[in-house]
Amino acid sequence: DAKTTQPNSMESNEEEPVHLPCNHSTISGTDYIHWYRQLPSQGPEYVIHGLTSNVNNRMASLAIAEDRKSSTLILHRATLRDAAVYYCILSGPSGSARQLTFGSGTQLTVLP
Amino acid sequence: DSGVTQTPKHLITATGQRVTLRCSPRSGDLSVYWYQQSLDQGLQFLIQYYNGEERAKGNILERFSAQQFPDLHSELNLSSLELGDSALYFCASSAGTYNEQFFGPGTRLTVL
């Protein structure tokens with residue numbers, strides 16, 4: 001599987017936007033970009049995924065670079081509940097459900 | 001609540017013993033995945049089942065085995081336990097045609 005690189009940690013103030021970057025320079029043409037997060041003492045939780053176009057859902061937005069070598073997860077207004085480890089993961093195309101390869105992720109701290 | 005249930009929540013046992021962890025996937029999900037999360041190794045994929053058949057294997061030790069039953073629940077068997085097997089064990093499920101995975105709350109295994 002292609003590798004992703006994320007900062008170890010980031011801080012944000014409550015109610016401000018947060019941009020979490022992810023580099024994936026060896027991404028293949030069929031790899032989807034997935035984001036999961038893990039809140040303290042819980043299992044990972046799906047956030048969003050995309051292939052080429054930017055994506056929005058109720059939790060976040062995903063901005064994908066034109067060359068697909070990087071992406072950014074955007075939380076529009078961070079809350080204290082968004083404090084978690086965020087994982088950027090590359091995975092195969094839909095229709096081929098397969099295991100997720102987690103890296104070390106980005107620990108997001110939200111300051112009140 | 002992801003819809004994935006895992007039992008037991010906590011398990012404390014001694015070295016050399018054998019334990020069984022149980023997972024019930026979301027209703028209708030055909031794929032079940034097992035992951036191990038330890039402090040030094042992070043979240044690692046162990047094994048995947050799809051509709052009763054083994055689909056993929058990750059870093060699963062020979063002392064560990066799993067199966068998925070006709071009702072789609074899955075069990076992870078860990079034998080000849082060692083101190084290093086102490087970890088959080090997560091089960092996840094997916095529909096099989098789309099790779100969004102839903103994680104259970106985990107089983108915390110402590111080997112003394």
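Read on for a plain summary of the structure. Quantities reported herein were computed from a predicted structural model and do not represent experimental measurements.

Each value, and the rule that gives it
- Residues numbered from 1 in each chain as written.
- Chains lettered and ligands numbered in written order.
- Predicted model: local features only at pLDDT ≥ 70, side-chain atom pairs only at ≥ 80, totals over all residues.
- Heavy atoms only, no water.
- Helix = DSSP H or I, 4+ residues; strand = E, 2+ residues; numbered from the N terminus.
- Rg over C-alpha atoms; globule rule 2.2 N^0.38 Å.
- Contact = heavy atoms within 4.5 Å.
- Areas by Shrake-Rupley, 256 points an atom, 1.4 Å probe, with all protein chains shown as cover.
- Lys, Arg positive; Asp, Glu negative; His and termini not counted.
- Charge placed at Lys NZ, Arg CZ, Asp CG, Glu CD.
- Buried < 20%, exposed > 50% of the residue type's maximum accessible area, 1.4 Å probe, protein only.
- 1 Å grid on protein atoms, 1.4 Å probe; cavity = no way out; pocket = protein on both sides within 12 Å on 5 of 7 lines; lining within 4 Å.
- Points joined across faces, edges and corners; volume = space filled by probe spheres on them.
- Nonpolar A, V, L, I, M, F, W, Y, C, P; charged D, E, K, R; others polar.
- Disulfide = S-S within 2.5 Å.
- Buried area = accessible area lost by both parts, 1.4 Å probe.
- Salt bridge = Lys/Arg side-chain N within 4 Å of Asp/Glu carboxyl O.
- Polar contact = N/O pair within 3.5 Å; in protein donor to acceptor, adjacent residues only side chain to side chain.

### Let's talk about the overall build of chain B
Consideration 1: Scanning chain B for helices and strands turns up 0 helices and 11 strands.
Consideration 2: Shown N-terminal to C-terminal, the secondary structure of chain B runs as helices and strands in the order β-β-β-β-β-β-β-β-β-β-β.
Consideration 3: The C-alpha radius of gyration computed for chain B amounts to 13 Å, which stays within 12% of the reference 13 Å derived for 112 residues, consistent with globular compactness.
Consideration 4: The contacts in chain B between residues at least 6 apart in sequence include a share of 54% that link residues at least 24 apart.
Consideration 5: Surface summary for chain B: the accessible area is close to 5400 Å², and the carbon and sulfur share equals 48%.
Consideration 6: Looking at charge distribution, chain B has the averaged site of its 8 positive side-chain charges lying 3 Å from that of its 11 negative ones.

### Section: the side chain of A:Thr4
Consideration 1: Topologically, A:Thr4 is positioned in the segment before strand S1 (9-13).
Consideration 2: Judged by its relative accessible area of 18%, A:Thr4 falls in the buried class.

### Re the layout of surface pockets
Consideration 1: In this model, the largest pocket occupies a volume close to 450 Å³.
Consideration 2: Lining the largest pocket are 21 residues, and of these A:Gln42, A:Glu45, B:Asp1, B:Ser2 and B:Phe103 lie nearest its centre.
Consideration 3: Mapped by element, the contributors of at least two residues to the lining of the largest pocket are strand S4 (45-50) of chain A together with strand S10 (102-103) of chain B.
Consideration 4: It is S4(A) that contributes the most residues to the lining of the largest pocket, 3 residues altogether.
Consideration 5: When its residues are assigned to classes, the lining of the largest pocket shows 9 nonpolar, 7 polar and 5 charged.
Consideration 6: For the second largest pocket, the calculated volume is near 340 Å³.

### Focus: the state of the cysteines
Consideration 1: Enumeration over the complete set of coordinates arrives at 2 disulfides over all chains.
Consideration 2: Covalent S-S linkage joins A:Cys22 and A:Cys88, the inter-sulfur distance amounting to 2.1 Å. Disulfide A:Cys22-A:Cys88: torsion about the S-S bond near -85 degrees, hence left-handed. With a gap of 66 residues between them, A:Cys22 in strand S2 (residues 18-23) and A:Cys88 in strand S8 (residues 84-91) connect regions that are remote in the sequence. Take A:Cys22 and A:Cys88: they sit in the same class, and that class is buried.
Consideration 3: At a sulfur-sulfur separation of 1.8 Å, the disulfide partner of B:Cys23 is B:Cys91.

### With respect to the interface of chain A and chain B
Consideration 1: Across the boundary between the two partners, chain A contributes 17 residues, which contact 18 residues of chain B.
Consideration 2: With both chains or domains summed, chain A and chain B bury close to 1500 Å², and 54% of this area falls on carbon and sulfur atoms.
Consideration 3: Taken together, the connections running from chain A to chain B amount to 0 salt bridges.
Consideration 4: Viewed at the interface, chain B and chain A are joined by 3 residue pairs in polar contact (both at pLDDT 80 or more).

Any functional reading would require information beyond the geometric quantities listed.
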